[in-house]
Amino acid sequence: MYRFLLTPRWWGINLFVVLAIPFCVFMGTWQLGRFEDRVQTHEAAEKRPAPGTMAAEPLDALLPVDTVTSGRPATASGRYADQFLVPGRELDDRSGFYVLDMLRTDSGKALPVVRGWLPGKAGRTPVPAAPAGRVTVTGDLQASETAGTAGVDAKGGLPDGQVGMISAASLVNLVPYDVYDAWVTLQDTDARTGAPATDASGTAGAALTDTPGQGGGALRPVPAAAPEGSGLDLKAFQNLGYTGEWFVFAAFVVFMWFRLLRREAEAARDLKLGLIADEGAPAS
């Protein structure tokens, strides 16, 4: 009654089932592993001190940015060069923009520094000037933004002097020097935007105080964002949902195989009992 299992049609069905079930189990296990990794990362992050409370370290010692170094205070020295505005950024449910300055370090590479946030529309709101001379800044380290980062404008078409994404990939096309694949956000923006640094000759840099009323309103600090994949967010539970889906697919393949097998066996039995006509038999 089960001779039909040796037909080419059933050889194809059986091969599909043999390959599909292990694949579904593998994908379900992989998604479950991704969820467990996110849970462990979240638990480890809760046990660590807040990144912003740790001692500041030189920028190069914290690169590349990962879930451990993201948010850590980083220090860098140099001179401010080009300035850009990053429109469409909200802070405390208010619309505004970031003030982004490129800090040319001693290596020649530039570090994007978000000096703060201002309410209003970019290009129409006065912006405090960046400090002149050599400075040392301390800011919370952040990974380069991507098209999926909240607030990012990846469409382009912005006016000159504005960027929609804080990343080396977008900034390197706007400046004639290399850019770090990271950026920092200053948390001390009310009184100053950096600390005077002494150069090799022993001469301190220019004063860094932004006087209220001269060159724009007071900058507000931009809080450091948690690194992607470090918390139990929607993506984490999506991994858990995908785990269930893959195991359901595996069960569905087995169910359909048994259903086809049963239907074929019943048809073969009915044919043997003469309850149905043999379509392959010659007509009398």
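The shown structure was predicted, so the numbers you read here are calculated from the model rather than taken from an experiment.

**Digging into the overall build of the protein chain**
So, step 1. Along the protein chain, the regular secondary structure elements total 3 helices and 7 strands.
So, step 2. Of the regular secondary structure in the protein chain, the N- to C-terminal order runs α-β-β-β-β-β-α-β-β-α.
So, step 3. The contacts in the protein chain between residues at least 6 apart in sequence include a share of 68% that link residues at least 24 apart.
So, step 4. In the form shown here, the protein chain has an accessible surface area of approximately 16,500 Å², with 59% of it arising from carbon and sulfur atoms.

**Overview of a nonpolar patch on the surface**
So, step 1. Taken together, the side chains of L15, V18 and L19 present a nonpolar region at the surface, about 310 Å² in accessible area.
So, step 2. Accessibility expressed as a relative area gives 55% for L19, which makes it exposed.

**Focus on the packing of aromatic side chains**
So, step 1. On inspection of all chains with the given rule, the structure shows 4 aromatic pairs.
So, step 2. Measuring from ring centre to ring centre gives 5.7 Å for W246 and F249, while their planes differ by 90 degrees; the resulting arrangement is edge-to-face. You can see W246 and its partner F249 sitting in helix 3 (residues 234–272), 3 residues apart, about one turn around the helix.
So, step 3. Ring geometry for W257 against F258: centres 5.0 Å apart, planes inclined by 80 degrees, an arrangement best described as edge-to-face.
So, step 4. In textbook terms, an aromatic cluster arises when at least three aromatic residues are bridged by ring pairs, as seen for F23, W246 and F249.
So, step 5. Above the face of the Y177 ring, R104 is positioned so that its terminal group lies 4.2 Å from the ring centre.

**Here's the deal with the pairing of strand 6 (residues 182–186)**
So, step 1. Burial runs high along strand 6: 5 of the 5 residues are buried.
So, step 2. Both strand 4 (residues 110–119) and strand 6 contribute to a ladder of 2 bridges, which runs parallel. When the sheet's bridge partners are listed, V114 is paired in strand 6 with T185.
So, step 3. Sheet analysis places strand 5 (residues 134–143) next to strand 6, joined by 5 bridges and oriented antiparallel. What sits directly across from A143, in strand 6, is A182.

Rules behind the numbers
- Residues numbered from 1 in each chain as written.
- Predicted model: local features only at pLDDT ≥ 70, side-chain atom pairs only at ≥ 80, totals over all residues.
- Heavy atoms only, no water.
- Helix = DSSP H or I, 4+ residues; strand = E, 2+ residues; numbered from the N terminus.
- Contact = heavy atoms within 4.5 Å.
- Areas by Shrake-Rupley, 256 points an atom, 1.4 Å probe, with all protein chains shown as cover.
- Patch = residues over 30% accessible without salt bridge, like charges linked within 9 Å, V, L, I, M, F, W, Y side chains within 5 Å.
- Salt bridge = Lys/Arg side-chain N within 4 Å of Asp/Glu carboxyl O.
- Buried < 20%, exposed > 50% of the residue type's maximum accessible area, 1.4 Å probe, protein only.
- Phe/Tyr/Trp six-rings, centres within 6.5 Å; stacked < 30°, edge-to-face > 60°.
- Lys NZ or Arg CZ within 6 Å of the ring centre and 35° of its normal.
- Pairing = 2+ DSSP bridges.

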